[in-house]
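# Remarks on the overall topology
Take a look at the letters that make up each chain.
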Amino acid sequence: MRRPVAGVVAVVLLVEAFAVGALNWLLGEVVHRQQMSLAGLDPQMMSASAKAGGVLFGLCFALCGLVALRVAVRGRRPSRPGRVLLVGAAVVHGLLGAVAWGLVGWKAFVALMVVLALIVLLLMTYDPQEGSAGGVPGDAPRGDAGDGRKEDAPAGGIPPAPVAPPAESDAP
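Now for a description of the structure that goes with this document. (Residues numbered from 1 in each chain as written. Predicted model: local features only at pLDDT ≥ 70, side-chain atom pairs only at ≥ 80, totals over all residues. Heavy atoms only, no water.)

A few words on the layout of surface pockets. Considered as a void within the structure, the second largest pocket measures approximately 270 Å³ in volume. Every residue along the wall of the second largest pocket is listed here: Glu16, Ala19, Val20, Leu23, Asn24, Leu27, Phe57, Phe61, Val92, Leu96 and Leu112. Sorting the residues of the lining of the second largest pocket by element identifies helix H1 (2–34), helix H2 (43–74) and helix H3 (80–103) as the ones contributing at least two each. Residue contributions to the lining of the second largest pocket peak at six residues, all from H1. Partitioning the lining of the second largest pocket into residue classes produces nine nonpolar, one polar and one charged. (1 Å grid on protein atoms, 1.4 Å probe; cavity = no way out; pocket = protein on both sides within 12 Å on 5 of 7 lines; lining within 4 Å. Points joined across faces, edges and corners; volume = space filled by probe spheres on them. Helix = DSSP H or I, 4+ residues; strand = E, 2+ residues; numbered from the N terminus. Nonpolar A, V, L, I, M, F, W, Y, C, P; charged D, E, K, R; others polar.)

Okay, here's the thing in structure tokens:
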């Protein structure tokens, strides 16, 4: 059930990466060819920054799509840097959705909210303890925190002191 969700998120983010990059590149070309200026700003600088922003956002969304694709292939939750990247993409989609509602219209808002919901669904469907119970091969065995120490051991690595059994009473 969850692998198709991750696959859909991967496809959506990869398509969105291409679309965002192409749109910003197109806008940069329009500014460059028409020599548009905004409040005296250099049109060449505006064109270059629009293109650079499109490339950076496109690469970021493509990287998010690759993280989602890796989740779909592996069947496990993304690593910490992958989760940070996906959370950042979710925040960007939330902010863009708020702006799109006012400037573009409700259809763009709905599209951005669908992508936001897919990203959040991907982040929320993978339980961190699920794989350690033996559900997915390749996960660390239960009780192993990943760095060689047991989960029930204190943080300092010193095991708790043994507790003596209760003394037998002489009472009848």
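Moving on to the environment of Arg76. The residue Arg76 is located in the loop between H2 and H3 in this model. Through-space distance from the C-alpha of Arg76 to that of Tyr126 is 6.6 Å; in sequence the pair is 50 residues apart.

Enumeration according to the criterion identifies two salt bridges in this entry. Two residues, Glu29 and Arg33, come together in a salt bridge whose shortest N-O distance is 3.3 Å. Residue Glu29 and its partner Arg33 are located together in helix H1, separated by four residues, close to a single helical turn. Note that Glu29 and Lys51 form a salt bridge whose closest N and O atoms lie 2.4 Å from each other. Residue Glu29 is located in helix H1, and its partner Lys51 is located in helix H2; the two are separated by 22 residues in the primary sequence. Across this residue pair, the class does not change: Glu29 and Lys51 are buried. (Salt bridge = Lys/Arg side-chain N within 4 Å of Asp/Glu carboxyl O. Buried < 20%, exposed > 50% of the residue type's maximum accessible area, 1.4 Å probe, protein only.)

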